[in-house]
Amino acid sequence: MRGLLACGLLPLLLLQPTAASWTAAVDKSIRAAVFNSPIYRQLVVPQARATMVRTAEANGIRWSEALAWVKGAASWDDAELARYFLEEEVPAYYRAPFHAYDLGNLCWEAAWEQELAGKAVGARNMPASEDGEEAFRACFDAALASLGASCPATGAIVDMGCGTGTSTRRLARNFPRAASVLGLDISPHMIAVGTRLLELAPSAASATSASTAAEGTWVSTIDPDPRVCLACAEISKASLAPACADVVSLSLVLHELPPAAAAAVFSEAARLLKPGGQLWISEMDFETEHFKALKSNPLLYSLIRSTEPYLDDYAEYHPTQMPADLFEAGFSTVRLAAATGRHFALVATKRADGDFGEPMLDDRRRETAKADTHLQTWEIASDKGRA
């Protein structure tokens, strides 16, 4: 506490102004100085991670056991990493601390814990469901379907920013007639762990009974699927053939990119897609009432912002510039719908050959608005009896 006072950070974090006064009194540059200070990272970032772990364990997710199991699933040394290492230089933005890891996603700890954290995020968003992550991701599936998302039989899907492959495996499950589902991520650590999980194909551990050694102790069941492949690539220049994909997916990736990087990814997605192909985006919606209120409260916003270095940029980018960047990249139609009380789904269609019409933005978020089911910032479980 003394350190916060000495740095002048505590008064900023304890302010409770309105959204307008927060914008006027504490502008973006000052917020950045607060969030990037060493003392802030020493105090708030560990608290954010601890909340995630407590949420997981309070909702029947065996974080410690699963972490121990995956750490013992391979040697995880330089030789393992070399199988996937990307020769291209990693962009500067990607080297920023992410998700409570000083090395961001370029470390084993981030890769080992990604799917555990995904379970916790699902539990926080859908606390009344026995499997919060399944319910959470199903909301995006339904919203995308409502916007006309489809993949043709024998189609090719590219999952950009796939991490260890949770979203990639789900795409394969949801579209069994697709010929291939390729997950791309710039982190060799993520690709190494995700590939090992595909090889091991573990079963989910029960929340109430110990799993067997044959099953392993993992947080989800992973079914072998020869159509699924993970590869290390910089998603704004994937080195794939033009017009090779029917669908490109970005699942909860954009808020981790600065706007210029997002625009470059849109251009690459358009290059990879066949004419008439679709880009699917699942993301946070800072135009929802919850995020408007959260951003107006510096103390609460600091907890979510502490592990997301580009969240301020994303909050300003997606309501205003993102549709324009999609049209500029070569998409003719952009449709949006609410997925949860805090998230949206988007389907952008690449312009077909011979289509010279005006671009169209079809924003259905207002009429498809959902109730906010997310736990409050200070909560770790609902009162459904599992905590």
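Refer to the preceding data block for the structure.
The shown structure was predicted, so the numbers you read here are calculated from the model rather than taken from an experiment.

Examining the overall build of the protein chain
Phase 1 of the analysis: Secondary structure assignment for the protein chain yields 16 helices and eight strands.
Phase 2 of the analysis: Across the 387 residues that make up the protein chain, the buried fraction comes to 53%.
Phase 3 of the analysis: Summarising the internal contacts of the protein chain: among those between residues at least 6 apart in sequence, 77% fall at separations of at least 24.

Considerations on helix 6 (residues 63-71)
Phase 1 of the analysis: Listing the buried residues of helix 6 in full gives Trp63, Ala66, Leu67 and Val70. The arc that holds every buried residue of helix 6, seen down its axis, measures 100°, which confines them to one face.

So, the packing of aromatic side chains
Phase 1 of the analysis: The final tally for this structure, using the stated rule, is ten aromatic pairs.
Phase 2 of the analysis: Between tryptophan 69 and tryptophan 218, the ring centres sit 5.7 Å apart and the planes meet at 45°, which makes this aromatic pair tilted. Within this pair, whereas tryptophan 69 is found in helix 6, its partner tryptophan 218 is found in the loop between helix 11 (188-200) and strand 3 (228-232), the two being separated by 149 residues in sequence.
Phase 3 of the analysis: Relative to tryptophan 280, the ring of phenylalanine 175 has its centre 5.3 Å away and its plane inclined at 40°; by these criteria the two rings are tilted. Of the two residues, phenylalanine 175 sits in the loop between helix 10 (166-174) and strand 2 (180-185) while tryptophan 280 sits in strand 5 (residues 273-284), which places them 105 residues apart along the sequence.
Phase 4 of the analysis: Through pairs of rings, three or more aromatic residues link up here, namely Tyr93, Tyr94, Phe98 and Tyr310.

Some thoughts on the nonpolar core
Phase 1 of the analysis: Counting residues in each nonpolar core, the largest one holds 102 residues, and the members touching the most others are Leu250, Phe266 and Leu279.
Phase 2 of the analysis: If you tally residues by element for this core, the top one is helix 12 (residues 259-272), at seven residues.
Phase 3 of the analysis: Setting aside anything within four residues of it in sequence, one finds leucine 250 in contact with Met160, Ile235, Val265, Phe266, Leu279, Trp280, Ile281 and Ser282.

Section: the state of the cysteines
Phase 1 of the analysis: Going through the model one piece at a time under the given rule, you end up with zero disulfides.
Phase 2 of the analysis: Cysteine cysteine 162 remains unbridged, with the sulfur of cysteine 232 as its closest cysteine sulfur at 9.1 Å.
Phase 3 of the analysis: Accessibility expressed as a relative area gives 4% for cysteine 162, which makes it buried.

A short note on helix 15 (residues 311-320)
Phase 1 of the analysis: Burial within helix 15 is extensive, with seven of its ten residues counted as buried.
Phase 2 of the analysis: If you check which residues of helix 15 are buried, you get Leu311, Asp312, Asp313, Tyr314, Ala315, Tyr317 and His318.

Comments concerning the pattern of salt bridges
Oppositely charged side chains may form a pair once their charged atoms are brought near each other.
Phase 1 of the analysis: Scanning the model with the defined rule gives 22 salt bridges in all.
Phase 2 of the analysis: Note that arginine 137 and glutamate 133 form a salt bridge whose closest N and O atoms lie 3.2 Å from each other. With arginine 137 and glutamate 133 both in helix 9 (residues 132-146) and four residues apart, this pair spans about one turn of that helix.
Phase 3 of the analysis: Classification of arginine 137 as buried rests on a relative accessible area of 17%.
Phase 4 of the analysis: For glutamate 133, a relative accessible area of 9% corresponds to the buried category.
Phase 5 of the analysis: Salt bridges sharing partners connect three or more residues here, namely Glu80, Arg83, Arg196 and Glu199.

Re the sheet that holds strand 4 (residues 245-251)
Phase 1 of the analysis: Taking strand neighbours across the sheet as the criterion, the eight strands line up as 3-2-1-4-5-7-6-8 in an open arrangement whose pairing is mixed. The open sheet is flanked by strand 3 and strand 8 (360-363), the only strands paired with a single partner. Across the sheet, the axes of successive neighbouring strands diverge by a mean angle of 15°, strand direction being ignored.
Phase 2 of the analysis: With seven bridges joining them, strand 6 (residues 331-338) and strand 7 (residues 343-350) adopt antiparallel strand pairing. Paired with phenylalanine 331 across the strands is lysine 350, a residue of strand 7.
Phase 3 of the analysis: Packed on one face of the sheet, helix 12 meets strand 1 (156-160), strand 4, strand 5, strand 6 and strand 7 and runs near 145° to strand 5.

Rules and cut-offs
- Sequence order as written defines the numbering, with residues in each chain counted from 1.
- Restriction of local features to residues with pLDDT of at least 70 applies here, the model being predicted, together with a cutoff of 80 or more for giving and counting side-chain atom pairs; totals for whole chains, interfaces and linings are based on all residues.
- The basis for the side-chain values is all heavy atoms of the structure; hydrogens and waters are excluded.
- Under the scheme used here, helices are H or I runs from DSSP no shorter than 4 residues and strands are E runs no shorter than 2 residues, and both carry numbers assigned from the N terminus.
- Each residue's exposure class comes from its accessible area (1.4 Å probe, protein chains only) as a fraction of the maximum for that residue type: buried when under 20%, exposed when over 50%, partly exposed otherwise.
- The contact criterion used is simple: two residues touch if any of their non-hydrogen atoms lie within 4.5 Å.
- This arc corresponds to the set of directions leading from the helix axis out to the C-beta atoms.
- Each Phe, Tyr or Trp ring, with Trp reduced to its six-membered ring, pairs with another whose centre is within 6.5 Å; inter-plane angles below 30 degrees give stacked pairs, above 60 give edge-to-face pairs, and intermediate values give tilted ones.
- Here, nonpolar core refers to any group of buried Ala, Val, Leu, Ile, Met, Phe, Trp, Tyr and Cys residues whose side-chain atoms link them within 4.5 Å.
- Working definition: a disulfide is two cysteine sulfur atoms within 2.5 Å of each other.
- Salt bridge, as applied in this entry: a Lys or Arg side-chain nitrogen positioned within 4 Å of an Asp or Glu carboxyl oxygen.
- Two strands qualify as a pair provided that DSSP identifies no fewer than 2 bridges between them.
- An axis is simply a line fitted to the C-alpha atoms; with a helix, the fit covers only the stretch in contact. Between two such axes, the angle follows the N-to-C directions and lies from 0 to 180 degrees.

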